[in-house]
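Examination of the molecular architecture
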Amino acid sequence: MTAATFLAPDLELSQRESALGRTNPLVKLGISLAWLLGLGFTLDVRPPLILAVVALVAGLELGRIPTGALARRLAPLVVAVIAIALTNLLFSTHNPDPAARELLRIGPLRVTQEAVEAAAGLGARVAAIVSVGAVFVLTTDPTRLVDALVQQAHVSPRFAYGFLAAYQAVPRLASDLASLRDARRLRGLRQLHPSLLVGLLVRAIRHADQLSIAMDARGFGPGLRTAYRPIAWTRLDLVVGVSALAIVVAALVASR
Amino acid sequence: MLLVVGPSGSGKSTLAKAVAGLLPEQFPGEWQGSLRVGDVDVARRAGSPDAAAPADAPPEPPITTTGLGAGIVLQEPASQLVMERVGDDVAFGLENLAWSRAAMRERVPEALAGVGLRGFDDRRSTWLSGGEQQRVALAGVLAPGPGLLVLDEPTAHLDPLGADAVFRVLRSIRERTAATIVLIEHRVALAWPLADLVLALDDDGRPIDFGAPRDVLGRSARKLARAGVWLPDDPALPAASAGKADAAGHASPTPGDLPGAEPVIDVADVRFAYTAASPVLRSVSLVVGPGERVALVGRNGSGKTTLLRLALGLLAPVAGRVRLVGHDPRRLPAAQLARLAGFVAQEPELGFLGQSVREEIELGLGQEQVAYAHELAERLRLPLAEFADRSPYRLSGGEQRRLSLVTGLARRPLLLALDEPTFGQDRRGHEALVEALGELVGEGSALLAATHDERFARDATDRRVELADGWVLADEPVPPGRSAA
């Protein structure tokens, strides 16, 4: 997996035709939001962990995400989760609080029970966000998401296609960076240099320009538009949506 | 069908954009005169100063390409694909015209089959080769059946079979429909027989002649030749063949004669795949010695660009060995790599690093190299006196190509790795390039050029390596004097 395919991955046919792949992108978007909002109701460490595990298992089983692809995507994010939890553990405001229960003392560093709980809660929360996000991206064809936004959420096509362009801009930036570094290497220049930023900016503006010209040249405008790939609500959307809501409620209740 | 010919930089693409209604909206500039497309005066509506519309007239809607019933295929194919998947991209124009779903379902595969891309609906457009992207762009523009079809070098990145296929499509459009075609094309053997009218421009964008192809050739063949325009049935090009003879004269150390001369490129059993399921190169071996001139040919997507990038160490092979003058190119320090190899990539813009032509040319060069680079720029008709302060991004396609050639050749590297070096070039550009390459090869450089241009292969190379399905299909001497495409 190159950086270019990180954000807009090329989904295998099996991924796109899996149960989660066929589920309406808006339903998945709604579930993701509902789950994350649900986590706002509790500071407990269990609900986010339950949701993270459910999301990953669903992604592998119902989404047919290849285990390797999921692992490669999560690897850098797991590091981030650990880093966030550790930072919060070591620099928690609970640590200097004399009322807090001390667990460990290494030189000037004091680690308290309260800090551990807060750090674990935060880490679990970030892990849940990361897992849900990864499963969403790895089961959702970006084009289908935009189709659903336009056809069902009645988002204006101009906005939705702008969103698609932005979604694809990040991998594009990565490939631009690669081509710039190649070009510098071939001219005998150091590959890392502040002027890379200027080059990236120039290219980003060129791409945006060219895309808008290409879209206008093919008649993209405010007029009536039809859709090549129809998106319809199905019973699957209902089943997935209801089950997901039941899971978040159950996770919250279980933690009481 | 109108064929527009003229030297590189004469304003052909600008004319194409104007006809397709892109100029006033997308590329601001100054207008004089009038330009009527159907019953719309594009220039007047663009708000040229002499357009004295009555003050109480209702505001006119902006001019759009589809509003003119037109479709345009721009020069750079990759930049005009809108959607991720090929089928979606072809359907995009139809969606904008509010076609019914059933009609689109029928038309999209048809349009793809028409350009030889049957079954590509579900492929990801960013992963296609340049030539394939060009054909996707063409299918997308053809799908709605525009009344005015504007094509800016639609075959520049296509292999000969692909170019034939495109011209078959154009021929059938011309025979079966009333559509008007405006075509800019350097492949004269295909384009001239199809044209009803020819418009020839000179270096400054002024018309040299306009009329039926036969009349234009009869009246102005000499003027056109002097302007550098390719003409049908060109006799053997004097300057080019001189360049070749010259090179042969220079190239006294034939490969193998030099005792202990190391091959410039030594690629052994190389395998490469972007995705495990579909390897681009299965097992390719290629040795190119100093003074050798190799044309790398093969259909679109056969792995020519990939092999060049492997040889330069820009890609790592999945298996096999790559040596550049005895070194692993991936481990070479940048400065040494740049001394050994010069690369001219297929898309010039992706390699540009400078904000001006002068900066672009001189970047990272020593004093002596700068002098040679200036000389090269002069010979490739990018004289610094005129071009120094222009932005590389604002040059014409052909000029951008020549600028990237200057930067690729400026260090007189041992390996000249060129990817489609001649697209968008008129006859003078072709001759100047063949001559410069001949000199460098005479000094001991090796030339490896991926090309679809049979004329270039004939004039500038003497060995032909053909790739197909990830294998080397043929490796043979180029028969001299074979007819061009």
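Every value quoted in this text rests on a predicted model; they were computed, and no experiment measured them.

The rules behind each value
Residues numbered from 1 in each chain as written. Chains lettered and ligands numbered in written order. Predicted model: local features only at pLDDT ≥ 70, side-chain atom pairs only at ≥ 80, totals over all residues. Helix = DSSP H or I, 4+ residues; strand = E, 2+ residues; numbered from the N terminus. Buried ≥ 20, exposed ≤ 12 C-beta atoms within 10 Å, placed from the backbone. Contact = placed C-beta atoms within 7 Å. Core = buried A, V, L, I, M, F, W, Y, C linked by C-beta atoms within 7 Å. Nonpolar A, V, L, I, M, F, W, Y, C, P; charged D, E, K, R; others polar. Pairing = 2+ DSSP bridges. Axes fitted to C-alpha atoms, helices over the stretch in contact; angles between N-to-C directions. Left-handed = near helix turned anticlockwise from the far one by under 90°. pLDDT = per-residue confidence, 0-100.

Each helix and strand in chain B was counted, giving 18 helices and 17 strands. Looking at chain B as a whole, 53% of its 485 residues are labelled buried. Long-range contacts, defined here as pairs at least 24 residues apart, represent 71% of the contacts in chain B between residues at least 6 apart.

Grouped together as the largest cluster of nonpolar side chains are 74 residues, with contacts concentrated most on B:Ile72, B:Val90, B:Ala139, B:Val150 and B:Ala200. Excluding residues that lie within four positions of it along the chain, B:Ile72 makes contacts with A:Ala217, B:Ala16, B:Ala20, B:Leu22, B:Thr65, B:Val141 and B:Val150.

Moving on, we come to helix α8 (residues 142–151) of chain A. Working note: α-helix, 3.6 residues per turn, so residues spaced by three or four point in the same direction. A large share of α8(A) lies buried, amounting to eight of its 10 residues. Taken together, the buried residues of α8(A) touch α4 (25–39) and α9 (157–186) of chain A together with α4 (86–96) of chain B.

Bringing the interface of chain B and chain A into the picture now. On the chain A side, the residues contacting the 42 residues of chain B number 33 residues. Contributions of two or more residues to the side of chain B that touches chain A are made by α2 (23–26), α4, α5 (101–114) and α12 (334–340) of chain B. With six residues, the top contributor of residues to the side of chain B that touches chain A is α4(B). Residue composition of the side of chain B that touches chain A, grouped by class: 22 nonpolar, 12 polar and eight charged.

Residues and elements named next belong to chain B. Strand direction decides the pairing type here: strand β7 (residues 197–201) and strand β8 (residues 207–211), joined by four bridges, are antiparallel. Following the sheet pairing, Val198 is matched in β8 by Gly211. Connecting the antiparallel pair β7 and β8 is a turn made up of five residues, with Gly205 showing a positive phi of about 80°.

The next point concerns the packing of helix α5 (residues 46–61) of chain A against helix α11 (residues 235–254) of chain A. Residues and elements named next belong to chain A. At a minimum axis separation of 8 Å, α5 and α11 run at an interaxial angle of 150°. As α5 packs across α11, the resulting crossing turns out to be right-handed. Judged by residue contacts, Arg46, Pro47, Ile50, Leu51 and Val54 of α5 engage Ile247, Val248, Ala251, Leu252 and Ala254 from α11. Classifying every residue of the contact of α5 with α11 gives nine nonpolar, no polar and one charged.

Attention now moves to unusual backbone geometry. Positive phi, normally seen in glycine, also occurs at A:His154, with a value near 55°. Structurally, A:His154 is set in the loop between α8 and α9. One non-glycine residue, B:Arg381, lies in the positive phi region at around 55°. For B:Arg381, the location among the structural elements is in the loop between α14 (367–379) and α15 (384–387). Judged by C-beta crowding, with 20 C-beta atoms within 10 Å, B:Arg381 ranks as buried.

Here we come to the confidence of the model for chain A. In the predicted model, chain A carries a mean pLDDT of 86, and the fraction of residues at 70 or more is 96%. Element-level pLDDT for chain A is lowest in helix α1 (residues 4–7) of chain A, with a mean of 43, against a maximum mean of 92 in α5(A).

Looking now at the environment of B:Leu296. Residue and element names in this part refer to chain B. Looking at the element boundaries, Leu296 is found in strand β11 (residues 293–298). The spatial distance from the C-alpha of Leu296 to the C-alpha of Gly444 is 19 Å, given a sequence separation of 148 residues. In this view, Leu296 contacts Lys304, Leu307, Leu448, Ala449, Ala450, Val465 and Leu467; residues no more than four positions away in its chain are not counted.

Attention now moves to the environment of A:Leu180. With respect to the element layout, A:Leu180 can be found in helix α9. It is 7.1 Å that separates the C-alpha atoms of A:Leu180 and A:Leu196, two residues lying 16 residues apart in sequence.

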